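Here is what each chain is made of, one letter per residue.
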Amino acid sequence: MTGSPYQLKSDPYSSHAVILSRLGQGRGRRALDVGAADGFLSELLTRQGWQVSALERDPAQAAKARGRCHEVVVADLDQAAPRLQGTFDAIVYGDVLEHLNDPLPVLVALNRTLAADGRVIVSVPNVAHLWVRLSLLLGRWDYADRGILDRTHHGEGRNQ
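Residues numbered from 1 in each chain as written. Predicted model: local features only at pLDDT ≥ 70, side-chain atom pairs only at ≥ 80, totals over all residues. Heavy atoms only, no water.

Trainee: Which residues make up the overall build of the protein chain, and what values do they have?
Mentor: For the protein chain, the count of helices and strands is 5 helices and 5 strands. Helices (α) and strands (β) of the protein chain occur, in sequence order from the N terminus, as α-β-α-β-α-β-β-α-β-α. Counting every position in the protein chain, which comprises 160 residues, the buried fraction comes to 39%. Considering only contacts within the protein chain whose residues lie at least 6 apart along the sequence, 54% involve residues at least 24 apart. When the accessible surface of the protein chain is summed, it comes to about 9400 Å², and 52% of that surface belongs to carbon and sulfur atoms. (Helix = DSSP H or I, 4+ residues; strand = E, 2+ residues; numbered from the N terminus. Buried < 20%, exposed > 50% of the residue type's maximum accessible area, 1.4 Å probe, protein only. Contact = heavy atoms within 4.5 Å. Areas by Shrake-Rupley, 256 points an atom, 1.4 Å probe, with all protein chains shown as cover.)

Trainee: How would you summarise the nonpolar core if you had to cite specific residues and measurements?
Mentor: Residues Ile 19, Leu 23, Leu 41, Leu 45, Trp 50, Val 52 and Val 72 are the most contacted members of the largest nonpolar core, which totals 20 residues. Taken together, the elements giving at least two residues each to this core come down to helix H1 (15–23), helix H2 (40–47), strand E2 (51–56), helix H3 (59–65) and strand E4 (88–94). Per-element accounting of this core gives the leading share, 4 residues, to H2. Residues Leu 55, Leu 84, Leu 97 and Val 106 belong to the second largest nonpolar core, which totals 15 residues. (Core = buried A, V, L, I, M, F, W, Y, C linked by side-chain atoms within 4.5 Å.)

Trainee: If you had to explain a nonpolar patch on the surface to someone new, which residues and values would you point to?
Mentor: Judged by side-chain polarity, Val 120, Val 122 and Val 124 come together as a nonpolar surface patch covering roughly 220 Å² of accessible area. Within the secondary structure, Val 120 is located in strand E5 (residues 114–123). Overall, Val 120 belongs to the partly exposed group, its relative accessible area being 35%. (Patch = residues over 30% accessible without salt bridge, like charges linked within 9 Å, V, L, I, M, F, W, Y side chains within 5 Å. Salt bridge = Lys/Arg side-chain N within 4 Å of Asp/Glu carboxyl O.)

Shape descriptors only; they carry no functional weight alone.
See below:
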């Protein structure tokens, strides 16, 4: 696969649309996009007036994110959360926590950078989605390169 499997979900009811709607206009406030991939969500938040810092593990994806937001930090959150400057008015964990071996230390460390009146937005896959339910009804639980059953997801009962 040449491009990132992580792409903008343009459906008006997608997690990305909900995140953008909930955060609204940034008016120069700071946002942290955790697990930013190539910066597709960071770019849209920037267009909404947010000053976005993006965290991404993959250096190739981080390079693509540069120029789409204020700042890109390359960090493997499974190793350690990076030290970040200042506080953030919003922290977005958009479909990233399920990719971490142990998300709790990441949440604790990064949420320390949240402003007193800041917002945290978390999006995780909906395993009760109709497609997954129908697949289970047919006896299928097949992992794929992307989507709800992305094979890079971690979790209880998942072979790693």
